[in-house]
Amino acid sequence: MKSARRRSRELALQGLYAWQLSGEGAARLKAQLEETEGYGKADGDYFARLLKGTIEEAAALEGLIAPALDRKMKELSPVERGILLLGAFELKNATEVPYKVVINEAVELAKQFGGTDGHKYVNGVLDKLAYRLRPEERKG
């Protein structure tokens, strides 16, 4: 059974995917996703935090992610880009969530929604990011 947080991440990823394609604002996307089946099983507050925060900080997050990539951000699929933005947002801002959980959740999203080996790529990029964003926790 999926946790409420996992459902929140799935919904946030759907929102980020739509945002990349349409440029729609976080508030409109949030309202649309709140109407979807299964929304009631998500952690609504966490979903809202992820979606709004990731969109608001997208440019800064891309700046954090870019040095860990082997290609340009715009060459990533919208799914992988969304997952990396979401993971970077959580690593930077949701410090109550252990970095290993953030990475594992991103890998699970990549397995579920991404390309064949996308999860390995996501894992490698976020692992590099965790070294930079959470050095103390990373040592532990």
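In this text, all values refer to a predicted model and were calculated from it rather than measured experimentally.

Rules of the game
- Counting starts from 1 at the beginning of each chain's written sequence and moves along it residue by residue.
- Predicted model: local features are reported for residues with pLDDT of at least 70 only, side-chain atom pairs are reported and counted for 80 or more only, and whole-chain, interface and lining totals are derived from all residues.
- Side-chain descriptors were evaluated using all non-hydrogen atoms of the structure, hydrogens and water having been removed beforehand.
- Confidence of the predictor at the level of single residues is given by pLDDT, which spans 0 to 100.
- Secondary structure elements are taken from DSSP: a helix is a run of H or I of four residues or more, a strand is a run of E of two residues or more, and numbering for both begins at the N terminus.
- Classification of ring pairs uses Phe, Tyr and Trp, with its six-membered ring standing for Trp, and accepts pairs whose centres are within 6.5 Å; under 30 degrees between planes counts as stacked, over 60 as edge-to-face, and the remaining range as tilted.
- A 1.4 Å probe rolled over the protein chains alone gives each residue an accessible area, and that area as a share of the maximum for its type sets the label: buried under 20%, exposed over 50%, partly exposed in between.
- For a ring to carry a charge above it, either NZ of a lysine or CZ of an arginine must fall within 6 Å of the ring centroid while also lying within 35 degrees of the normal to the ring plane.
- Given the number of residues in a helix, its expected span is that number minus one, multiplied by 1.5 Å.
- It is the directions from the helix axis to the C-beta atoms that the arc portrays.
- Contacts were defined at the residue level, with two residues in contact if any of their heavy atoms lie within 4.5 Å.

Points about the confidence of the model for the chain
Mean pLDDT over the chain: 95, with 99% of residues reaching 70 or higher. Mean pLDDT values over the elements of the chain span from 84, in helix α8 (residues 135–139), up to 98, in helix α3 (residues 44–56).

As for the packing of aromatic side chains
If you walk through the whole model with that rule in mind, you get 1 aromatic pair. Aromatic pair Y39 and F47: ring centres 5.8 Å apart, planes at 75°, arrangement edge-to-face. Residue classification places F47 among the buried positions, given a relative accessible area of 0%. Over the aromatic face of Y46 sits the side chain of R5, whose NZ or CZ is 3.7 Å from the ring centroid. R71 extends its terminal NZ or CZ atom over the ring of Y121, reaching a point 4.3 Å from the ring centre.

Details of helix α7 (residues 118–133)
With 16 residues, α7 extends 22 Å from end C-alpha to end C-alpha; this agrees with the ideal 22 Å at 1.5 Å per step. For α7, every residue scored as buried is listed here: G118, H119, Y121, V122, V125, L126, L129 and A130. What you see down the axis of α7 is that its buried residues fit within an arc of 165°, all on one side. For α7, the exposed residues lying more than 90 degrees away from the buried face are K120 and Y131. Of the surrounding secondary structure, the elements contacted by the buried residues of α7 are α4 (58–65), α5 (78–93), α6 (99–113) and α8.

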